[in-house]
Every structure is written in structure tokens, then in C-alpha cells.
Amino acid sequence: MTLAETSKNTNSKNPFLILNYEPALESLGDDYYDEVVAAEFPLHILRWRNDALLPNLGLDSQTVTDEDFIVAFGKFEGRKPLLALRYHGYQFGEYNPQLGDGRGFLYGQVRGIDGELYDFGTKGSGRTPYSRGGDGMLTLKGGVREVLAAEMLHRMGVRTSRCLSMIETGLSLWRGDEPSPTRSSVMVRLSRSHIRFGTFERLHYLRRPDLAIKLLDHVIEQYYPHLVGETEKYALFYAELVKRTAELVAQWMAAGFCHAVLNTDNMSITGESFDYGPYAFIPNYDPFFTAAYFDYYKRYCYINQPEICKLNLELLQEALKTVIPYNDMEAELAKFNGYYLAEYHSLMLKKLGFEQQPESESQELLEAIIAFLKHYPVSYHHFFAEIAQNFSIEWRDDASYILSKSEIGQSLGKSELFLNWSGIYHRILSNCTPDEIEKISQTLVRYNPSTVILRPVIESVWEPIAQEDNWQPFYQLIQEIQSGK
């Protein structure tokens, strides 16, 4: 048997290569993408495989080997065509027509056992026509950070893409924002779609409403199938996108997450969070916390995220106005704030243990807790984790017991803002039955993980990798996140 025949025989048994790939986007034609070739790497070390994602692909982790991951998602054997998608976007408020997949491509699309269509998209897989002079690569630290971001957000209930694999590739990369040379990686993420707001903005820039309608029909058919056959399906699509986006940013805000680069090319047409760069989780409730060091004017700071996402939806109207009446889009966008506040309030109440509360009481409670967190430099995530870990039925009987055994309660428990919040919390709890108190306790644990990947936590797992090639702290952290701690 020749080497080529041996390789072919091996590939035929690779479960990733015999999945039933659907040419959904490919079938639209090459007005939307360019066929590209994956980079060849000197080394392939599988550093991360997300076995939690395999069952929805109809795969058993026990029968999928590390070599299967490497062949499919490091050597990229057996899959053609590989598609670099075309798009434009508003970056920090300025329109940029020189964009597109510059270091990644669409590897393939597969229908999960849940009936949804999923994209396998790469990051760090080499140059494309849109690399703009870049090397098309991904640093190993960048890969580590994205794996952690996706798993953490998933644990916190955020609608997000997730990393399927990360492979170290043996290249030395030079980056201005990291000690160089630094190690390299290639990653494959599983997401609902890689079609962006900027995909439509490019078609408007090219004055191709015909291609925009064709793409809209595709998006509705694949991702909004309940709208197929509706006479106003395009307007209904935009209406639902507004709602999905508002709810997504509310999820970020409740999770204390700052995306950092909310350009329109980083906004998904399915209302899913993806493509994590210089993100950060807020250490304390600082409305103007800014994750990206290059965001000098705090455009994408934590508190601005809802308005920026709303602005991006408004900018998208320009690209869709030849298909959807402007007045219809304006009417739907006007509902954004309502959708956002409803979702944000709901999620924040869950972080306090309540599935639902009367509007008057919930509003008063949330205003009190935000006032406390804003005034004192208390860890945002630690505060809620302390509530979950210390919660007791005694809190229902006496407000002075609330967080009395925690460091936060002992240091700030007599402050006016703490007493105001704990008094309202106690008043609500006092009307709860023992069974309801137990449900509150369970909800607190569900929505407030004790493990959150603040920057020092990320550095604590990166340093052993960088200095000793010790991956155990990274795997331990992932295990803690995925186990729900």
C-alpha cells in the first residue's frame, strides 16, 4: 500500500471526515467567499479537545482519537473547499471595506442531532486574500484565552460559540502586545453561523441588493426557519435579530463581561457571541471598565455595550434598506431598550436567586444592589458567589444574618448602601416558604459560579504553560468551569 493509499484509508475512518457536511453557504456561490488553502505547520500537538460538543455531532468521545482531531483540524486533510468569507464592517465607528476572513476559513457545516446547522470555523489557519499583510496566525495564548472565554460564557448562560479544538503548531510569532517570539496555535470553533452584520454591509457597498436578498433568504431558511413563508419575512427577520441582539448584550452585562471590540464585523447575524479578542470580565462594577488597551476613548467600555449593539443594528439598516422598509426597521429598533432591560432584569434577579418577582420590588432591589456595587470596590463576581455560598434560611428571618459570615458582610455590612440592599432582600425573602427558599438557594448556585476567569486567573494558568509547558492548571480550570463550580 502506498503512502497516499494509507493516508486515504486512515481518513476514511476519521469520524470528523465522514460527517454529513452540508454545502449550505457554499451553494450560494462564490460571490460570498474565496476558496483558500490551509497553512502547513511544522508541529501538531493537540492541546484542547472539547469532548462536551461531540454528542451533538453524533460522535462518541471514546471513539474519537487525538489523531482524528489533528488530521482534521491541524493538517486539514480531506475537506474541500475551505472558504474564506467576505465582509466589511464599521470599526470604531469608521467604515472599513478592506476586511474578510484574514486568518481563518469555514471548514464545513454540519447538522447537529438537535436539528440546528453548525459551522466549523478556523482561527490561525494561515493567510487568505484578506490577511492585509498579516501572517494569518494565532498565538497560543490567544487560543488559550478564547477557549476559556467560550467555556466560561457558556457556563454563565450566554449564547456563545465554543472551541472544538486547539492545536499548537510549532511556529514562532512576533506580536507587539506580547513578549516575542511567542508560540502559535490553530483553533476550530463551533458556532451557529459566521455570517456577520458586515457580510450584508459589504453587499450594500458593492450595490448588490440581489446578493443581499439571496443571502437573506439563506439566513432565514437556515436560522429563522419559522419565518419561511411569511409575507413580511424580511422585516420579521430584522425584528427578531433586534430582540436576539438585545438579549445577548444583556447576558454579557449580567455576566460582567466586556467584549472589547464590538465592530459590526464581530456581530453575528444569529445573535450569537463569537470571536473573542482582548475581552475581560470586570473585576468590580466599574461602568467605564475597558478591556482593550487600544480603546483609548472607551468606546467599547462595559456600560456602553448595549448602546453600541443598538447602534450596530441601526447601521445595519443602511445595508438592508433596499429589502426592508426603513420605517419597519426603525419601529423594531425602538423596542431594543425594552428587550434589553427585560432580559437584564431577569438575569440579575436570577443571580439573586429569583426566577421572577413583582416589577416594583425587583426594580427596587436591583437599583439598591447596583448602587452598592458601584460605590464600593467589591469584586462583582465574588459578591454574587458569596451570596450563593452563604445563603441560608436564616436570611428570611433576620436581615442582619445576610452575608454576616462573609468577608464582604463583615467589612461593609453596616454601611448605608449595604443595609438598604439587604433590607429589601430580607423583605422579599420574608414572604417565601421553605420550599421557595430552597429553590432560591439552587438558583443562586446555578447562576453564580465561584470560578470566573478574571485576568489574574488567566495569567495564573498561562504562566505554567509559558515557563514550564505545564498544562495541568489550564485543564483543571476548564474542568472547574465545565463542572459548574
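What you are looking at is a predicted structure, and each value in this text was computed from that prediction instead of being measured.

Enquirer: What exactly am I supposed to notice about the side chain of Arg49 here?
Expert: Tracing the sequence through the fold places Arg49 in strand E2 (residues 45-49). Residue Arg49 is classed as buried on the basis of its relative accessible area, which comes to 18%. At 2.8 Å, the side chain of Arg49 and the side chain of Asp51 are in polar contact. A distance of 2.9 Å separates the side chain of Arg49 from the backbone oxygen of Val64, its partner in a polar contact. Leave out the neighbours within four places in its chain, and Arg49 touches Leu54, Ser61, Val64, Thr65, Asp66, Phe69 and Leu164.

Enquirer: Would you explain a nonpolar patch on the surface in this entry?
Expert: Taken together, Tyr293, Tyr296 and Tyr297 make up a surface patch of nonpolar side chains, about 530 Å² in accessible area. Within the secondary structure, Tyr293 sits in the loop between strand E12 (280-281) and helix H7 (305-320).

Enquirer: Help me understand the pairing of strand E7 (residues 117-123), please; the structure alone is not making it clear to me.
Expert: Along any regular strand the residues' side chains alternate between the sheet's two faces. Burial runs high along E7: 7 of the 7 residues are buried. Side chains Leu117, Asp119, Gly121 and Lys123 project from E7 onto one buried face, and the interleaved Tyr118, Phe120 and Thr122 project onto a second face that is buried too. Both strand E6 (residues 106-111) and E7 contribute to a ladder of 5 bridges, which runs antiparallel. By the bridge assignment, Val110 is partnered in E7 with Tyr118. Pairing between E7 and strand E10 (residues 182-191): 5 bridges, direction antiparallel. Residue pairing across strands places Phe120 opposite Leu190, the latter belonging to E10.

Enquirer: So what exactly am I meant to see when it comes to empty space enclosed by the protein here?
Expert: Over the atoms rolls a probe the size of a water molecule, and in doing so it shows where empty space is left. For the structure shown, the criterion picks out 3 cavities of 30 Å³ or more. Approximately 90 Å³ is the volume found for the largest cavity. Residue lining of the largest cavity: Met156, Gly157, Gln251, Ala254, Ala255, Leu347, Lys351 and Tyr447, and that is the complete set. Of all the secondary-structure elements, those providing two or more residues to the lining of the largest cavity are helix H6 (233-255) and helix H9 (336-351).

Enquirer: Could you clarify how one ought to interpret unusual backbone geometry in this entry?
Expert: Trans peptide bonds make up most of the peptide bonds, and negative phi angles are found at most residues other than glycine. For the peptide bond that leads from Lys80 to Pro81, omega is -5 degrees, which places it in the cis range. Assignment of secondary structure puts Pro81 in the loop between helix H2 (66-73) and strand E3 (82-85). Its identity as a non-glycine residue notwithstanding, Lys298 has a phi of 60 degrees, on the positive side. Considering the arrangement of structural elements, one finds Lys298 in the loop between E12 and H7. Phi at Asp469 is positive, roughly 55 degrees, even though this residue is not glycine.

Enquirer: In this structure, what is going on with the side chain of Thr290? I would like to understand it.
Expert: Relative to the helices and strands, Thr290 resides in the loop between E12 and H7. Within the local environment of Thr290, its side chain forms a polar contact with the backbone oxygen of Phe288, the two atoms lying 3.0 Å apart. Within polar-contact distance, the side chain of Thr290 engages the side chain of Lys298 at 3.4 Å. Apart from the residues within four sequence positions on either side, Thr290 is in contact with Asp295, Lys298 and Cys301.

Enquirer: Before we go on, may I ask you to explain the packing of aromatic side chains in this structure?
Expert: Given two aromatic rings, one states the distance between the centres and the angle between the planes to describe the pair. Tallying each qualifying case throughout the model produces 40 aromatic pairs. Summarising the aromatic geometry, the rings of Phe257 and Tyr276 are spaced 5.8 Å apart at their centres and angled 90 degrees between planes, so their arrangement reads as edge-to-face. With a gap of 19 residues between them, Phe257 in strand E11 (residues 257-258) and Tyr276 in the loop between E11 and E12 connect regions that are remote in the sequence. We note that Phe257, like Tyr276, is buried. Taking the ring centre of Tyr107 as reference, the NZ or CZ of Arg79 above it sits at 5.8 Å.

Enquirer: Teacher, can you tell me more about the confidence of the model for the protein here?
Expert: Detailed reading of the predicted coordinates is not advisable wherever pLDDT falls low. Per-residue confidence for the protein averages 94 on the pLDDT scale, and 98% of its residues sit at or above 70. Counting contacts from residues 1-7, a segment whose pLDDT is below 50, to residues more than four positions away or on other chains yields 2 contacts.

Enquirer: For this particular structure, what's the right way to read the packing of helix H16 (residues 455-468) against helix H17 (residues 472-482)?
Expert: Look at H16 against H17: their axes get within 7 Å of each other, and the N-to-C directions meet at 145 degrees. Seen from H16, the contacting residues are Val457, Val461, Pro464 and Ile465; seen from H17, they are Pro473, Phe474 and Leu477. Here the contact of H16 with H17 is built from residues that sort into 7 nonpolar, no polar and no charged.

Enquirer: In this structure, what is going on with helix H8 (residues 326-333)? I would like to understand it.
Expert: Every α-helix carries 3.6 residues per turn, so stepping three or four residues along brings you back to the same face. For H8, the full list of buried residues reads Met329, Glu332 and Leu333. Buried residues of H8 fall within an arc of 100 degrees about the axis and therefore sit on the same side. Summarising the contacts, the buried residues of H8 are in contact with H6, H7 and H9.

Enquirer: Explain the pattern of salt bridges here, please?
Expert: Pairing between side chains of opposite charge can happen when the charged atoms of each approach one another. Under the criterion given, the structure shown has 26 salt bridges. The salt bridge involving Asp469 is made with Arg183; its shortest N-O contact spans 2.7 Å. Separated by 286 residues along the polypeptide, Asp469 in the loop between H16 and H17 and Arg183 in strand E10 bring together distant segments of the chain. Looking at Arg183, the relative accessible area reads 23%, which means it is partly exposed. In this structure, Lys233 engages Asp217 in a salt bridge whose closest nitrogen and oxygen atoms are separated by 3.1 Å. With Lys233 in helix H6 and Asp217 in helix H5 (residues 209-223), the pair connects residues that are 16 residues apart, well separated along the chain. Here Lys233 falls in the partly exposed class, since its relative accessible area comes to 23%. By relative accessible area, Asp217 is classed as partly exposed at 28%. Within the structure, one salt-bridge network assembled from shared partners comprises Arg47, Glu168, Arg183 and Asp469.

The rules behind these values
- Residues numbered from 1 in each chain as written.
- Predicted model: local features only at pLDDT ≥ 70, side-chain atom pairs only at ≥ 80, totals over all residues.
- Heavy atoms only, no water.
- Helix = DSSP H or I, 4+ residues; strand = E, 2+ residues; numbered from the N terminus.
- Buried < 20%, exposed > 50% of the residue type's maximum accessible area, 1.4 Å probe, protein only.
- Polar contact = N/O pair within 3.5 Å; in protein donor to acceptor, adjacent residues only side chain to side chain.
- Contact = heavy atoms within 4.5 Å.
- Patch = residues over 30% accessible without salt bridge, like charges linked within 9 Å, V, L, I, M, F, W, Y side chains within 5 Å.
- Areas by Shrake-Rupley, 256 points an atom, 1.4 Å probe, with all protein chains shown as cover.
- Salt bridge = Lys/Arg side-chain N within 4 Å of Asp/Glu carboxyl O.
- Pairing = 2+ DSSP bridges.
- 1 Å grid on protein atoms, 1.4 Å probe; cavity = no way out; pocket = protein on both sides within 12 Å on 5 of 7 lines; lining within 4 Å.
- Points joined across faces, edges and corners; volume = space filled by probe spheres on them.
- Phe/Tyr/Trp six-rings, centres within 6.5 Å; stacked < 30°, edge-to-face > 60°.
- Lys NZ or Arg CZ within 6 Å of the ring centre and 35° of its normal.
- pLDDT = per-residue confidence, 0-100.
- Axes fitted to C-alpha atoms, helices over the stretch in contact; angles between N-to-C directions.
- Nonpolar A, V, L, I, M, F, W, Y, C, P; charged D, E, K, R; others polar.
- Arc of directions from axis to C-beta.

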